[in-house]
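Summary of structural features
In case you want the letters, here they are:
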Amino acid sequence: MTFPLKSRFAPSPTGLIHFGNVRTALFNALLSRKFGGTFLLRIEDTDAARSREEYTLALQEDLRWLGLLWQEGDGVGGDLGPYRQSGRVSIYEEHLKTLEAQDRVYPCFCSAIELEVSRKIQAQSGQPPRYGGKCAHLKPDEIENKKNQGLPYTLRFRMPKKESVEFFDLVRGRQSFPTDEIGDFIIRRSDGTFAFFYVNALDDALMQVTHVLRGEDHLTNTPRQIAILNAFGLPIPQYGHISLIVDGMGAPLSKRSGSLSVQELREIGYFPIAVDNYLARLGHNYAENSLMDLDALAASFSPDNLGRAPARYDRTQLDHWQALALQKTDAAIIAQWIAPQVSSWVPEADLMNFTEAVRDNLLFPHDARIWAEAVYSATLPLSPDAIAMIEETPVDFFREASTLLTPELDFKAFAQRVREKTGAQGKKLFMPLRAALTGQTHGPEMPRVLPLIGYERARHRLLAHVLNEDID
Ligand code: GLU
């Protein structure tokens, strides 16, 4: 590894960030954290029509929420800014002069239709689409003439001929791209805006980025970027192209396949460390299966463990990490987490005991509502399974149970008395009691729940099935 290592995340703020891009941020953050390097945030807002300040702020909030703090870049500063591409146009123009002086760029006056026709001809003869080079050798007076006529033109970068661009990809190994298959490409559009290849490559070099982990959709951009940096004599970062994320059907991850924005994950109640642990394993192999903090995730992170096959998004796996994160969370914190959802049911004095009783039955704060209702509701809603269970139990069972309930509310002792009196055992003993007392056939441990339900309410709930009327 090159030291000091500097990795970066370079999002375009054209929407809320989703799983795919935040995983890219995570891998870059873990890489710099592992080597005590710098993680940089650059905002690629060259698409003025689609970029929005609110998305920039939202993505920064998302990164901070996930604990992916950057030491240099937009929002925190540094010596090599500005860190938004919209503020770097003069830098891009200035550097263009170097390429012009070396005749590495030329104006291209070809119209969109001409280019389209040429692409079609290439496709028909089985050639890769690339610029045919029509404007590559215009004479200075021809150029002057066309400019004077007011013809719009782009600027093309002269790709070296009959060579190949070679590099070692941190994920995909040795790569080789023949320059003739790439052809001369546009680095400045006719409206004066700069193309991705140019600004992205230049910024990485000028910001002294040493490592770039990014989506494999950028792999074919890399030889162009390397050629540009070679023309400047600027250092070339080490690139690693990570596999894309696909859904259960193998299709690219999309909103429809259940991918959520980081903001949505936060609103549902996912813990950031659960999301980090899931994402870190999405396309990266870890030997450890336990929940790890960011330092531990960074210590075991290695580009060598990044897979080349597409990574499959699976919400149940994400939920698995959520459950592990919840297990590790203090009850007092869980109590605060669920309080807004349950405060209309749970008396404040009961909140800690309630939390201890239900914590293993939660994944998200809103899950606590069903248990708050199951414990405190005056008109207990019964699930269909609970109704079926109650219906198949003799009415006498509940009559006996109601008389055997005593105010000390020791569930084990209570169930023992019901067993002795009615002869019911195992499932036939515990399930009707749970169904009648909580309205559910599964849920938190009854010894914890019964004291919260309280003697009066519990007795009413048992008697409801004897009198066959609703409790009120
Ligand atoms: N702005 C580009 C994107 O969001 C950055 C690509 C890169 O990481 O180099 O795709």
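Residues numbered from 1 in each chain as written. Predicted model: local features only at pLDDT ≥ 70, side-chain atom pairs only at ≥ 80, totals over all residues. Heavy atoms only, no water.

**With respect to the site of the ligand**
Every residue close to the ligand is listed here: Arg 8, Ala 10, Ser 12, Glu 44, Phe 196, Asn 200, Arg 214 and His 218. One of the side-chain N or O atoms of Arg 8 is found 2.5 Å from an oxygen atom in the ligand. When isolated, the ligand has an accessible area of 300 Å², and the protein chains bury 77% of it. Given that more than half its atoms are within 2 Å of the pocket grid, the ligand belongs to the largest pocket. In terms of residue class, the shell around the ligand is built from two nonpolar, three polar and three charged. (Near = heavy atom within 4 Å. Polar contact = N/O pair within 3.5 Å; in protein donor to acceptor, adjacent residues only side chain to side chain. Areas by Shrake-Rupley, 256 points an atom, 1.4 Å probe, with all protein chains shown as cover. 1 Å grid on protein atoms, 1.4 Å probe; cavity = no way out; pocket = protein on both sides within 12 Å on 5 of 7 lines; lining within 4 Å. Sits in = over half its atoms within 2 Å of the grid points. Nonpolar A, V, L, I, M, F, W, Y, C, P; charged D, E, K, R; others polar.)

**Looking at the domain arrangement of the protein**
Entries for the protein in the domain assignment read domain 1 (88–242), domain 2 (255–330) and domain 3 (334–466). For domain 2 versus domain 3, the distance between C-alpha centres works out to 35 Å. Taken together, the contacts link eleven residues of domain 2 with eight residues of domain 3. In this assembly, domain 2 and domain 3 are joined by zero salt bridges. Taken together, domain 2 and domain 3 are joined by five residue pairs in polar contact (both at pLDDT 80 or more). It is helix α12 (residues 315–327) that provides the largest number of residues to the side of domain 2 that touches domain 3, a total of five residues. Its residues assigned to classes, the side of domain 2 that touches domain 3 shows five nonpolar, four polar and two charged. (Domains from an automatic or database assignment. Contact = heavy atoms within 4.5 Å. Salt bridge = Lys/Arg side-chain N within 4 Å of Asp/Glu carboxyl O. Helix = DSSP H or I, 4+ residues; strand = E, 2+ residues; numbered from the N terminus.)

**A few points about the state of the cysteines**
For the coordinates displayed, the defined rule picks out zero disulfides. Cys 108 carries a free sulfur, and the closest cysteine sulfur to it, the one in Cys 110, is 3.9 Å from it. Cys 135 carries a free sulfur, and the closest cysteine sulfur to it, the one in Cys 110, is 3.7 Å from it. (Disulfide = S-S within 2.5 Å.)

**Regarding the environment of Thr 329**
Here Thr 329 shows up in the loop between α12 and α13 (331–342). Assessed through its relative accessible area of 14%, Thr 329 is described here as buried. In this structure, Thr 329 is in contact with Phe 271, Ile 334 and Arg 359, ignoring residues within four places of it in sequence. (Buried < 20%, exposed > 50% of the residue type's maximum accessible area, 1.4 Å probe, protein only.)

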